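# Structure assessment
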Amino acid sequence: MSPVPGITYNDETDTWHGLPDATTVTDRYTLLVLDNGMRILSFGNRRNAGEDAHVLDANNKCIQSWYNNEWAEDPELVMGAILRLAGGVS
C-alpha cells in the first residue's frame, strides 16, 4: 500500500508504521501533524500530493482514506470530510 520504503500499513490493525513524529514533506509523501494529534497523510510527489489522503489518529490508526478518483467525483464532499475528521468531528 505504501510507495515509500520504511513506511508500512498493517491491514489487521488499520495502522501506519514508520511515520515521523512531526509534519514532514518529502518528494514522496506529505504528513501533516495537527495540534490535536490527528494526522493527514498523502502520497505523491510535491506537485502531485493528493494521489490519496488518509486521516489518522494520534496512534497512526487510519480513520478514513480517499483516493484520487473519489476526489474527482466529488471534491467538495471529500475535502469537507477530511477537514471534519482531522478536526476531530466524525
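Description of the structure in this document. In this text, all values refer to a predicted model and were calculated from it rather than measured experimentally.

## Some points on the overall build of the chain
In terms of regular secondary structure, the chain is built from two helices and seven strands. Taken from the N to the C terminus, the helices and strands of the chain come in the order β-β-β-β-β-β-β-α-α. Whereas a compact globule of 90 residues would reach a radius of gyration of roughly 12 Å, the chain reaches 12 Å, a difference of no more than 12%. Based on the C-alpha atoms only, the size of the chain along its principal axes is roughly 30 × 25 × 25 Å. Each of the 90 residues in the chain was classed as buried or not, and the buried ones make up 38%. Long-range contacts, defined here as pairs at least 24 residues apart, represent 26% of the contacts in the chain between residues at least 6 apart. In the chain, the 6 positive side-chain charges and the 13 negative ones have mean positions that sit 8 Å from each other.

## What to know about the pairing of strand β4 (residues 29–33)
Here two bridges tie strand β3 (residues 24–25) to β4, and the two strands are oriented antiparallel to one another. Bridged to Val-25 within β4 is Thr-30. The turn linking β3 back onto β4 is made up of three residues. What sits between the antiparallel neighbours β4 and strand β5 (residues 39–43) is a turn of five residues, in which Gly-37 has the positive phi angle 95°.

## Brief notes about unusual backbone geometry
With phi around 55°, Asp-14 is a residue other than glycine that occupies positive phi space. For Asp-14, the position within the fold is in the loop between β1 (8–10) and β2 (15–17). Looking at Asp-14, the relative accessible area reads 32%, which means it is partly exposed. Positive phi is not limited to glycine here, since Asn-60 has a value of about 65°.

## Description of the side chain of Thr-15
Relative to the helices and strands, Thr-15 resides in strand β2. Using a relative accessible area of 12% as the deciding quantity, one classes Thr-15 as buried. A polar side-chain atom of Thr-15 sits 2.6 Å from a polar atom in the side chain of Thr-13. For Thr-15, the side chain forms a polar contact with the side chain of His-17, separated by 2.9 Å. In contact with Thr-15, other than residues within four places in its own chain, are Thr-8, Tyr-9, Asn-10, Asn-59, Asn-60 and Lys-61.

Reading guide: rules and limits
Residues numbered from 1 in each chain as written. Predicted model: local features only at pLDDT ≥ 70, side-chain atom pairs only at ≥ 80, totals over all residues. Heavy atoms only, no water. Helix = DSSP H or I, 4+ residues; strand = E, 2+ residues; numbered from the N terminus. Rg over C-alpha atoms; globule rule 2.2 N^0.38 Å. Buried < 20%, exposed > 50% of the residue type's maximum accessible area, 1.4 Å probe, protein only. Contact = heavy atoms within 4.5 Å. Lys, Arg positive; Asp, Glu negative; His and termini not counted. Charge placed at Lys NZ, Arg CZ, Asp CG, Glu CD. Pairing = 2+ DSSP bridges. Polar contact = N/O pair within 3.5 Å; in protein donor to acceptor, adjacent residues only side chain to side chain.

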